[in-house]
Each structure stands twice: as C-alpha cells, then as structure tokens.
Amino acid sequence: MKSVFLFLGLVFSFSVQAQIQIEKPWVRATAPGAKVAGGYMVIRNAGAAADRLVSASSPAAAKVELHVHINDNGVMKMREVPGYDVPAKGAFELKPGGAHLMFMDIKRPFKEGEKLPVKLKFEKAGEVSAEFQVGAMGGRAAPMDHSKHWN
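Position numbers for residues start from 1 in each chain and track the written sequence from start to end. Owing to the predicted nature of the model, reporting of local features is limited to residues with pLDDT of at least 70; listing and counting of side-chain atom pairs is limited to 80 or more, with chain, interface and lining totals taken over all residues. As a rule here, side-chain values come from all non-hydrogen atoms in the structure, and water together with hydrogens is ignored.

1. A closer look at the nonpolar core
Leu-101, Phe-103, Phe-110, Leu-120 and Phe-122 are the most contacted members of the largest nonpolar core, which has 30 residues in total. The numbering of helices and of strands both runs from the N terminus, where a helix is a DSSP run of H or I of at least 4 residues and a strand a run of E of at least 2. Counting only elements with at least two residues in this core, the list comes to β1 (20-28), β2 (36-45), β3 (51-57), β4 (61-72), β6 (84-86), β8 (100-106), β9 (115-122) and β10 (126-135). Among all residues touching Phe-103, those that are not within four sequence positions of it are Val-27, Lys-35, Val-36, Ala-37, Gly-38, Gly-39, Ser-58, Ala-61, Lys-63, Val-64, Phe-110 and Val-118. Side-chain atoms within 4.5 Å are what join buried Ala, Val, Leu, Ile, Met, Phe, Trp, Tyr and Cys residues into a set we call a nonpolar core. The buried label goes to any residue with under 20% of its type's maximum accessible area, the exposed label to any with over 50%, and the partly exposed label to all in between, with areas taken from a 1.4 Å probe on protein chains only. Contacts: residue pairs with any heavy atoms within 4.5 Å of one another.

Quick look at the structure:
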C-alpha cells in the first residue's frame with residue numbers, strides 16, 4: 001500500500017511540474033571582473049492553479065536572487081522580492097528593466113554563446129531545471145537559438 005501512495009505522489013509531482021514551462025531563458029554576458037549578472041525568461045503555467053517562483057540557484061553564482069525594478073520618486077531602483085506569481089493558464093515575464101534574476105558573486109565572467117544551468121523552485125511545481133543561454137553584453141532580448149533553424 002505504501003508503494004501505491006509513493007507512486008501516486010510521484011505521478012502528481014510530475015504532472016504539476018509539467019504545467020510549468022520555461023521559455024527563452026537567457027542571461028547577459030559580463031565584463032571581466034563583474035560580480036553580478038541579470039537573467040530573464042518567460043514562465044508559462046498551463047495549470048488550473050496559480051504557482052509562485054520562490055527561489056533560484058546556479059553553480060555559476062554564489063547566490064541567485066529574485067529582483068524587480070521600481071520607480072522611487074523618479075529614481076529607478078532594484079529591490080529583492082520573495083517571489084513572482086505565475087497565474088493559472090498564464091505567464092510571467094522576466095525582462096530587462098523589470099522583474100529579473102540577479103546572479104550574485106558570479107564565479108567567472110559569462111561569455112556570449114555559453115549555457116548556464118539554473119534550478120528554479122516553485123511553491124507547487126517544485127524544482128524545475130532550465131539552461132540559460134548567454135547573450136550579448138548589454139543585450140535587450142533573448143539571443144537567437146540557431147540550433148533550431150534549418151539551413
């Protein structure tokens with residue numbers, strides 16, 4: 001009987017996790033000596049219930065924080081936030097000038113064209129792995145993935 005509950009728990013876990021999809025995950029290339037980098041993506045939730053991204057981690061950085069830009073009396077500032085809400089049957093976009101991941105104390109410069117592993121933790125879906133493409137330094141949009149194009 002115990003194995004039936006374990007099996008049902010695993011099936012439920014996989015079905016909840018499958019509801020969350022990560023699209024266009026990318027991070028900006030960094031200059032030599034830089035200690036931080038910004039990461040972006042679109043989080044899609046195909047599920048009937050809202051979910052919340054509560055943390056992120058990567059072996060490429062000592063810490064990954066969830067940040068937003070806010071306008072404080074005409075001055076743009078960054079603030080760490082406890083999570084991002086992803087609506088049911090909806091999406092949440094992390095983009096330059098808005099919500100973003102902040103890779104803190106990066107281990108080495110991020111070079112354009114590299115890929116970085118990132119683990120995203122959601123309240124309901126649990127841990128979701130993503131591979132972030134390193135785009136141009138100062139880039140404003142996700143880099144093109146030429147591996148998916150036919151010649």
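Okay, back to it.
2. Looking at unusual backbone geometry
If you check the backbone angles, Asn-73 has positive phi at about 55 degrees while not being a glycine. Mapped onto the elements of the fold, Asn-73 is located in the loop between β4 and β5 (75-80). By relative accessible area, Asn-73 is classed as exposed at 78%.

3. Let's talk about the environment of Phe-103
Within the secondary structure layout, Phe-103 lies in strand β8. Residue class for Phe-103 comes out buried when judged on its relative accessible area of 0%. When the C-alpha positions of Phe-103 and Leu-66 are compared, they lie 9.1 Å apart, and in sequence the two are 37 residues distant.

4. With respect to the environment of Val-86
On the secondary structure map, Val-86 appears in strand β6. For the pair Val-86 and Val-42, spaced 44 residues apart in the sequence, the C-alpha separation amounts to 10.0 Å. Beyond its immediate stretch of four places on either side in the chain, Val-86 contacts Ile-43, Asn-45, Ala-50, Asp-51, Ala-91, Phe-92 and Phe-122.

5. Topic: the packing of aromatic side chains
Aromatic pairs are defined between Phe, Tyr and Trp rings, using the six-membered ring for Trp, whenever the two ring centres lie within 6.5 Å; interplanar angles under 30 degrees are classed as stacked, those over 60 as edge-to-face, and all others as tilted. Overall, the coordinates contain four aromatic pairs when judged by the stated rule. Consider the rings of Tyr-84 and Phe-92, whose centres lie 5.1 Å apart with planes at 25 degrees: the pair is stacked. You can call Phe-92 partly exposed: its relative accessible area is 22%. Between Phe-103 and Phe-132, the ring centres sit 6.2 Å apart and the planes meet at 70 degrees, which makes this aromatic pair edge-to-face. With Phe-103 in strand β8 and Phe-132 in strand β10, the pair connects residues that are 29 residues apart, well separated along the chain. When sorted by exposure, Phe-103 lands in the same class as Phe-132, which is buried. Through a chain of ring-to-ring contacts, the aromatic side chains of Phe-103, Phe-110 and Phe-132 assemble into a single cluster.

6. Considerations on the environment of Lys-121
In this fold, Lys-121 is placed in strand β9. Note on Lys-121: relative accessible area 43%, which makes it partly exposed. Put simply, Lys-121 and Ser-57 are 64 residues apart on the chain and 8.6 Å apart in space, counted from C-alpha to C-alpha. If near-sequence neighbours (up to four positions away) are discounted, Lys-121 is found in contact with Arg-52, Leu-53, Val-54, Ser-55, Gly-126 and Glu-127.

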